Amino acid sequence: MFSPDQENHPSKTPVKYGELIVLGYNGSLPNGDRGRRKSRFALFKRPKANGVKPSTVHIACTPQAAKAISNKDQHSISYTLSRAQTVVVEYTHDSNTDMFQIGRSTESPIDFVVTDTVPGSQSNSDTQSVQSTISRFACRIICERNPPFTARIYAAGFDSSKNIFLGEKAAKWKTSDGQMDGLTTNGVLVMHPRNGFTEDSKPGVWREISVCGNVFSLRETRSAQQRGKMVENETNQLQDGSLIDLCGATLLWRTAEGLSRTPTVKHLEALRQEINAARPQCPVGFNTLAFPSMKRKDVVDEKQPWVYLNCGHVHGYHNWGNKEERDGKDRECPMCRSVGPYVPLWLGCEAGFYVDAGPPTHAFSPCGHVCSEKTTAYWSQIPLPHGTHTFHAACPFCAHQLAGEQGYIRLIFQGPLD
């Protein structure tokens, strides 16, 4: 399994295939990362391959016969065509690949447990009150164990009895070469950005991935019976910056190589200190403003910078221009008299969302998360799936739907007067 070199040095760093980062969390889950539930998940080469590939196809006349065929020690996918007929596809071990499974279930076959993202739930404890639309065994990612370590995504994951079961209601069909394929109830959608995940990135087109990894245009609604059209010239191969939507949570895939070019948390901390060292001031109270440390990212600090979202003028918190008749939400900027929401600014701490290492000069509207100009421009163009048939741009750090003409604003700081 190992090269002789690795056997003598077992502490050699394992190969990292990439990381999955859940949109809507600014560096960690609201109640802290625990075990397989966390805001980001790294996929490493396993000590021993655990990938599987399709082998024998059985056509059984009854679901009972199908259950008999699919034994507990063998991975299989069962397609129920009718009460009278089920097709079972057995999968065999593949020594060249590693498999990682993602879903809502906490059962052992799931490597990365993902729950529904509630926009702005940075510090709420009630994030699980909603009925989940994420599948218990949502999808699986298969990584090649040899360079270039290609990662591919497939809808549905194997359960504790190593089975994927597509019931009568699931969309399924026979392919031209006689194989079976199907879609899961709410589907697994993927979008590959154009020009990779860089400052030149542009949004790609959302597609649906089937159980066998084929690519389709989207269905009319998320769980419609009718599948979309097959897209022949696209693949299920993940690229740096690919987005995976599980209907309730969206994940960003970053390759190990892509992450090596991304700013680190240390770099973001240096940028924070640089802004604070410039001693920006509140033009009204003349007090010095400072971004709180990365660890205190949900408690408003007294030195916290606030911004008027219509003009971008940065202030400290003050009661100037509070229009009572405007139900307290809109305020008048003392610098330019423009009226609009007035919100605290927060640094975007999840480095994996940044498309470049530029300074934090822009903020998303209406949440006030601050990052580089190129990063705000990129995310404001991405239509993220929302519910079962709508899409809207959202802040990657808190999942709030973006507002205003652009969805973000350039910050105007006042320097110290001395």
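Keep in mind that this is a model prediction, so the values were computed, not measured.

I tried to follow the sheet that holds strand E1 (residues 16-22) on my own but got confused; where do I start?
The pairing of strands in a sheet comes from backbone hydrogen bonds and takes either a parallel or an antiparallel form. Spatially, the seven strands line up as an open sheet ordered E2-E1-E17-E16-E13-E14-E15, and their pairing is antiparallel. Where the open sheet ends on each side, the last strands, each with one partner, are strand E2 (40-44) and strand E15 (215-216).

It is not clear to me how the confidence of the model for the protein chain should be interpreted in this structure. Could you clarify?
Low pLDDT marks regions whose predicted coordinates should not be analysed in detail. Across the protein chain, pLDDT averages 89, with 90% of residues at or above 70. Contacts of residues 1-9 to residues separated by more than four positions or lying in other chains number eight contacts, the stretch itself having pLDDT below 50. Scored below 50 in pLDDT, residues 123-127 makes nine contacts in the model with residues more than four places away or belonging to other chains.

I'm lost on unusual backbone geometry in this one. Help?
For residues other than glycine, phi is negative in most cases, and the peptide bonds are mostly trans. Cis rather than trans, the peptide bond between Pro147 and Pro148 has omega equal to 5°. One can find Pro148 in the loop between strand E8 (139-144) and strand E9 (151-155). Of note, the bond from Ser365 into Pro366 is cis; its omega dihedral lies within 30 degrees of zero at 15°. Among the secondary structure elements, Pro366 is positioned in the loop between strand E23 (362-364) and strand E24 (369-371). Of note in the backbone geometry, Ala156 takes a positive phi value of approximately 75° without being a glycine. Here Ala156 shows up in the loop between E9 and strand E10 (163-166). Residue Cys247 is not a glycine yet carries a positive backbone phi of 60°. Its place among the elements puts Cys247 in the loop between strand E16 (243-245) and strand E17 (250-255). Assessed through its relative accessible area of 2%, Cys247 is described here as buried.

Honestly, the pairing of strand E5 (residues 85-94) in this entry has me stumped. Any pointers?
Walk down a regular strand and you will see the side chains alternate between the two sheet faces. Burial runs high along E5: seven of the 10 residues are buried. Across eight bridges, strand E3 (residues 51-60) lies against E5 in antiparallel orientation. If you follow Gly51 over to E5, its bridge partner there is Asp94. Taken together, the seven bridges between strand E4 (residues 75-82) and E5 define a ladder with antiparallel strand orientation. Of the residues in E5, the one forming a bridge with Ser82 is Gln85. If you look at the hairpin formed by E4 and E5, you'll find two residues sitting between the two strands.

Explain the side chain of Arg207 here, please?
Following the sequence through the fold, Arg207 ends up in strand E14 (residues 207-209). At 2.9 Å, the side chain of Arg207 and the side chain of Glu234 are in polar contact. For Arg207, the contacting residues outside a window of four places in its chain are Val188, Leu189, Val190, Val215, Phe216, Ser217, Leu218, Val231 and Glu234.

I'm lost on the nonpolar core in this one. Help?
Nonpolar side chains in soluble globular proteins tend to end up buried together. Counting 45 residues, the largest nonpolar core has Leu20, Leu43, Ile102, Ile141, Ile153, Ile244 and Leu246 as its most contacted members. Once you skip the residues sitting within four places of it in the chain, Leu246 turns out to touch Ile102, Thr133, Ile134, Ala138, Cys139, Gly187, Val188, Arg222 and Leu251. Counting 31 residues, the second largest nonpolar core, distinct from the first, contains Met294, Val355, Ala377 and Cys398.

Before we go on, may I ask you to explain helix H5 (residues 373-380) in this structure?
Side chains of residues three or four places apart in an α-helix project in the same direction, reflecting 3.6 residues per turn. The element H5 is extensively covered by neighbouring structure, given that six of its eight residues are classed as buried. Turning to H5, its buried residues number three or more, namely Thr375, Thr376, Ala377, Tyr378, Trp379 and Ser380. Packing partners of the buried residues in H5 comprise strand E13 (188-191), E16, E17, E23, E24 and strand E27 (408-410).

Looking at this model, I keep getting lost on the pattern of salt bridges. Mind explaining?
It is possible for side chains bearing opposite charge to pair when their charged atoms get close. Per the stated rule, a full pass over the model turns up 15 salt bridges. Here Glu257 ties to Arg261 by a salt bridge, and the two come within 3.2 Å at their closest N and O atoms. The residues Glu257 and Arg261 share a single accessibility class, namely exposed. Connected through salt bridges with shared partners, the residues Lys16, Glu19, Arg40 and Glu350 form a single ionic network.

Just checking my understanding: could you explain the sheet that holds E27 for this structure?
The four strands are arranged E22-E24-E23-E27 in an open sheet whose pairing can be described as mixed. Both edges of this open sheet fall to strand E22 (346-347) and E27, since each of them pairs with a single strand only. Alignment of E23 against E27, held across three bridges, turns out to be antiparallel. Residue pairing across strands places Ala363 opposite Ile409, the latter belonging to E27. Most of the contacts of H5 go to E23, to which it runs at about 30°, and overall it touches E23, E24 and E27.

What's the story with helix H4 (residues 265-277) in this structure? I'm lost.
Taking 1.5 Å of rise per residue, the 13 residues of H4 would be expected to cover 18 Å, and the 18 Å separating its terminal C-alpha atoms lies within 8% of that figure. Along H4, the residues classified as buried are Leu268, Glu269, Leu271, Arg272, Ile275 and Asn276. Taken down its axis, H4 places every buried residue within 160° of arc, on the same side. In H4, those exposed residues whose orientation departs by more than 90 degrees from the buried face are Lys266, Glu274 and Ala277. At its buried positions, H4 is contacted by E22.

About the criteria used
Residues numbered from 1 in each chain as written. Predicted model: local features only at pLDDT ≥ 70, side-chain atom pairs only at ≥ 80, totals over all residues. Heavy atoms only, no water. Pairing = 2+ DSSP bridges. Helix = DSSP H or I, 4+ residues; strand = E, 2+ residues; numbered from the N terminus. pLDDT = per-residue confidence, 0-100. Contact = heavy atoms within 4.5 Å. Buried < 20%, exposed > 50% of the residue type's maximum accessible area, 1.4 Å probe, protein only. Polar contact = N/O pair within 3.5 Å; in protein donor to acceptor, adjacent residues only side chain to side chain. Core = buried A, V, L, I, M, F, W, Y, C linked by side-chain atoms within 4.5 Å. Salt bridge = Lys/Arg side-chain N within 4 Å of Asp/Glu carboxyl O. Axes fitted to C-alpha atoms, helices over the stretch in contact; angles between N-to-C directions. Expected span 1.5 Å × (residues − 1). Arc of directions from axis to C-beta.

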